[in-house]
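# Residue-level structure breakdown
So the chains spell out like this:
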Amino acid sequence: MSDVPPKLAEFHRRLRDNDPSFVLLDLSWKKIGDIDMQHLAIALQSNSSLIELNLNQNQIREAGARHLSEVLQFNSSLTSLGLRMNQIRKTGAQHLATALQFNSSLTELGLSYNQIGDAGAQHLATALRSNSSLTELYLGGNQIGEAGAQYLATALRSNSSLIVLRLNGNLIGNTGAQHLAMALQFNSSLTSLDLICNRIEDIGAQHLGTALQFNSSLTELNLSGNRIGNVGMKHLAIALRSNSSLIVLRLNGNLIGNTGAQHLAVSLQSNSSLMKLDLSNNQIGDIGVQYLSQALQFNSSLGFLDASSNPLHYETRNSLYEIVHRNFKNNKLRSLTLQDILLRYR
């Protein structure tokens, strides 16, 4: 091979020397391409110290992903790999999926904005059926549609290690939501599911609501930026009456109005697990907030509620926040837990 590029020389030397203090390598925004990846892969072959490798926002394509994949099949130290905003596409995803079937150390893989599509999701789903180490998978903005969601949902039925799945900014729609909802009825490991901006409507929310009545592991569900209206909110609200695991529910940027807020208010009177609720940027007016305020007189668990950017009068909004603040102050145990959640999800 040609000489190592100057921008990689020092990193390459420390990797090959297996420097025990060299545990984090951040190469984001360094214009790393496929040839650069080949050099790094060679250095990583003999390295057993590096734990985290950040290659976000570079120029890595399918060939670079292949070089990385060949190393991952044998590497046992790397736990976090960031490849956000590269150009690995479906073939690159296939290479990495092959590595995941052999690798047992990687716990976090970031592949958002790589144009992997449904085919790439299928390859990764195949890997998830046998991989038992990966706990966090980030697939936002990858043009994944309902077919890709179905592949991933099938894998989730048998996978018992994945904890966090981010599918924000994809195209899964109502059918994709239905596939994932079915999987959630069987999966007991996933705690956080991100479905921001996925064209999910009321029917998709209904499927997810049904899943929440059976699932007892999910603690965070993000449905922001979708097309969920009052009917969808009704189904999610019904689920909250029996679900006791969900702690964070994000619904900002939907189409929820006063009727949806009323359905939610009924459920909040009996729900004792939800601690953070985001209803910002919807269509909830003063009447809807009055329903919520009345419900919170009986609820002591909700410590954070965002109703900003709704058509509310100043006095109505302040009255609601005063009630939520009271809940937060009056329950010290939940307040401590809530602080942890706010830090984790900010």
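## Some points on the overall build of the protein
Looking only at helices and strands, one finds 13 helices and 11 strands in the protein. Its C-alpha atoms give the protein a radius of gyration of 22 Å, within 12% of the compact-globule value 20 Å for 346 residues. Dimensions of the protein, computed from C-alpha atoms along their principal axes, come out at roughly 70 × 40 × 30 Å. Contacts in the protein between residues at least 24 apart in sequence constitute 87% of all its contacts with a sequence separation of at least 6. Between the averaged position of the 27 positive side-chain charges in the protein and that of its 24 negative side-chain charges there is a distance of 3 Å.

## With respect to the environment of Gln87
Within the secondary structure layout, Gln87 lies in the loop between strand S3 (80-82) and helix H4 (89-100). In this structure the C-alpha to C-alpha distance between Gln87 and Ala65, which are 22 residues apart in sequence, comes to 9.3 Å. Ignoring anything within four residues of it in the chain, the contact list for Gln87 reads Gln59, Ile60, Arg61, Glu62 and Asn114. Within the structure, Gln87 has its side chain in polar contact with the side chain of Arg61 (distance 2.6 Å).

## So, H4
Here H4 spans 17 Å end to end across 12 residues, near enough to the 16 Å set by a 1.5 Å rise per residue. Within the sequence span of H4, burial applies to Gly92, Ala93, Leu96, Ala97, Ala99 and Leu100. Along the axis of H4, the buried positions cluster into a sector of 155 degrees, meaning they face one direction only. Close packing links the buried residues of H4 with helix H3 (62-72), strand S4 (108-110) and helix H5 (117-130).

## Re the packing of aromatic side chains
By the definition in use, this model includes one aromatic pair. The ring of Phe22 has Arg14 lying over it, and the distance from NZ or CZ to the ring centre is 4.2 Å.

## A few points about the nonpolar core
Ranked by size, the top nonpolar core spans 95 residues in total, and within it Leu55, Leu81 and Leu139 carry the most contacts. For Leu55, the contacting residues outside a window of four places in its chain are Leu27, Met37, Leu40, Ile60, Leu68, Leu81, Gly82, Leu83, Arg84 and Asn86.

## Describing H3
Buried residues of H3: Gly64, Ala65, His67, Leu68, Ser69, Val71 and Leu72, and no others. Here the buried face of H3 lies against helix H2 (34-44), strand S2 (52-54), S3 and H4.

## Thoughts on the pattern of salt bridges
Counted according to the given criterion, the structure contains nine salt bridges. Among the salt bridges present, the one from Arg13 reaches Asp17, with a minimum N-O distance of 3.2 Å. Two residues, Glu70 and Arg66, come together in a salt bridge whose shortest N-O distance is 3.5 Å. Here the residue Glu70 and the residue Arg66 both occupy positions in helix H3, the gap between them amounting to four residues, near one helical turn. Residue class for Arg66 comes out partly exposed when judged on its relative accessible area of 34%.

## Regarding the side chain of Asp19
Checked against the element boundaries, Asp19 lands in the loop between helix H1 (6-16) and strand S1 (24-26). If we skip the residues at most four places from it in the chain, Asp19 touches Arg14 and Ser49.

## A word on the layout of surface pockets
When its volume is computed, the largest pocket comes out at roughly 180 Å³. Around the largest pocket, the lining is made up of 14 residues, and of these Asn56, Leu81, Gly82, Glu108 and Gly110 lie nearest the centre. Listed by contribution, the elements that provide at least two residues to the lining of the largest pocket are S2, S3 and S4. In terms of residue class, the lining of the largest pocket is made up of five nonpolar, six polar and three charged.

## Digging into the sheet that holds strand S10 (residues 276-278)
The parallel open sheet is built from 11 strands, whose spatial order is S1-S2-S3-S4-S5-S6-S7-S8-S9-S10-S11. On the outer flanks of this sheet lie S1 and strand S11 (304-306), each paired with one strand and no other. Averaged over all pairs of adjacent strands, the angle between strand axes in this sheet comes to 0 degrees, irrespective of strand direction. With three bridges joining them, strand S8 (residues 220-222) and strand S9 (residues 248-250) adopt parallel strand pairing. By the bridge assignment for S9, Leu221 is matched with Leu249.

Cut-offs and rules
- Residues numbered from 1 in each chain as written.
- Predicted model: local features only at pLDDT ≥ 70, side-chain atom pairs only at ≥ 80, totals over all residues.
- Heavy atoms only, no water.
- Helix = DSSP H or I, 4+ residues; strand = E, 2+ residues; numbered from the N terminus.
- Rg over C-alpha atoms; globule rule 2.2 N^0.38 Å.
- Contact = heavy atoms within 4.5 Å.
- Lys, Arg positive; Asp, Glu negative; His and termini not counted.
- Charge placed at Lys NZ, Arg CZ, Asp CG, Glu CD.
- Polar contact = N/O pair within 3.5 Å; in protein donor to acceptor, adjacent residues only side chain to side chain.
- Expected span 1.5 Å × (residues − 1).
- Buried < 20%, exposed > 50% of the residue type's maximum accessible area, 1.4 Å probe, protein only.
- Arc of directions from axis to C-beta.
- Phe/Tyr/Trp six-rings, centres within 6.5 Å; stacked < 30°, edge-to-face > 60°.
- Lys NZ or Arg CZ within 6 Å of the ring centre and 35° of its normal.
- Core = buried A, V, L, I, M, F, W, Y, C linked by side-chain atoms within 4.5 Å.
- Salt bridge = Lys/Arg side-chain N within 4 Å of Asp/Glu carboxyl O.
- 1 Å grid on protein atoms, 1.4 Å probe; cavity = no way out; pocket = protein on both sides within 12 Å on 5 of 7 lines; lining within 4 Å.
- Points joined across faces, edges and corners; volume = space filled by probe spheres on them.
- Nonpolar A, V, L, I, M, F, W, Y, C, P; charged D, E, K, R; others polar.
- Pairing = 2+ DSSP bridges.
- Axes fitted to C-alpha atoms, helices over the stretch in contact; angles between N-to-C directions.

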